[in-house]
Amino acid sequence: MSTNSSSSQVTGYAAAWSIVFVWSFWLIVSRVANQSGLTIYDLAAFRYGLASVVAVPLCLYYKPWRGLRLMQIAVLSFILGPVYILVVFSGFLFAPAAHGGIFMNGMLPLISIVFGVVLMRVLPGFKQVLGAGLILVSAIALAWDASVSSGETAWIGDLLFVIGALFFSTYVILSERWQLGAMQIIFCGTIVNAALYLPVWALWLPSGIADAPMGPLLLQAVYQGFVPNLIGLLFIAHASRTIGNGNTSFILAAVPGGGAILGALILGESLSLISLAALVVLTIGLLISVRRKRPQPA
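Okay, so let's go over this structure. Nothing here was measured: the structure is a model prediction, and the numbers come from that model.

## Some remarks on the packing of aromatic side chains
Right, so step 1: Counting across every chain of the model gives 12 aromatic pairs.
Right, so step 2: Measuring from centroid to centroid gives 5.3 Å for Phe25 and Tyr223, while their planes differ by 65°, and the two rings are edge-to-face. You can see Phe25 sitting in helix 1 (residues 3-31) and its partner Tyr223 sitting in helix 10 (residues 214-243), a full 198 residues away along the chain.
Right, so step 3: Note on Tyr223: relative accessible area 10%, which makes it buried.
Right, so step 4: Here the aromatic rings of Trp65 and Phe187 are separated by 5.5 Å at their centres, their planes lie at 50°, and the arrangement is tilted. With Trp65 in the loop between helix 2 (40-62) and helix 3 (70-79) and Phe187 in helix 9 (residues 182-204), this pair connects stretches of sequence that are 122 residues apart.
Right, so step 5: Taking relative accessible area as the criterion, Phe187 reaches 12% and is therefore assigned buried.
Right, so step 6: Grouping aromatic residues by their ring pairs yields a cluster made of Trp26, Phe89, Phe92 and Phe161.

## Comments concerning the nonpolar core
General note: in soluble globular proteins, nonpolar side chains tend to be found buried as a group.
Right, so step 1: The biggest cluster of nonpolar side chains holds 85 residues, and the ones touching the most others in it are Trp26, Ile85, Met107, Tyr171 and Phe187.
Right, so step 2: When residues no more than four places from it in sequence are discounted, the contact partners of Met107 are Ile102, Ile135, Ala139, Val162 and Ala165.

About the criteria used
Residues numbered from 1 in each chain as written. Predicted model: local features only at pLDDT ≥ 70, side-chain atom pairs only at ≥ 80, totals over all residues. Heavy atoms only, no water. Phe/Tyr/Trp six-rings, centres within 6.5 Å; stacked < 30°, edge-to-face > 60°. Helix = DSSP H or I, 4+ residues; strand = E, 2+ residues; numbered from the N terminus. Buried < 20%, exposed > 50% of the residue type's maximum accessible area, 1.4 Å probe, protein only. Core = buried A, V, L, I, M, F, W, Y, C linked by side-chain atoms within 4.5 Å. Contact = heavy atoms within 4.5 Å.

What follows is the structure, encoded as structure tokens:
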């Protein structure tokens, strides 16, 4: 393996572990957003509007729409659009931050297996089936325990997180089948949705920006506006390119655990023994089902 290849591997793993922190902390930031007085519609406006400040000059330079059909732009923009993100933000109104990581990241391998069987008729291997089974068992245990330890409405948030995972799984499959580049994803996921959503938000949707304290407002604006849509996207692209999609997914299995730990440390969210056991089983299932062959040396 050459020196350049070894260096790329190091930066690839660093990018992947950075994504774990970015997504784990995003769970916390999104969970505390309702305490700032901001509405979920404000958070979506930050996500699309502020990210567009950076995305517009880049897209004008690279012109990523040239390689996309109108149908692809419409489908991808919808999947990454306000319906998806408002469903996810709504989930945090009902369920703890830990459940966001568990049900969104944790359900991705299971949903991907189902999509693979139904759409592409690709049968999973034994390890994938075993991992999916462990994930399903842990998800059922968490859903049952949610009504006891997190309030009677926590199951609503869990259901919304699963719907969000369906959206994201569809995006992952389409981005792979359509061979989408980072700028094409940024164009559809950010600029198109900003053009469609911001006028609706400004004219008709409730907003708490005027009354929000400056500190929480800046936290949500910076993190929701720039970190997941831009920084996270670039890190994922770099990690997948240098260490492979399989190894990237393997590392992302740490997100549910990271979200649970940060939720306990920062928000004081407690996890029952059942939830802790289910989290362990979920992590084992993730590691079994998403791990792939390591990239071959250059």
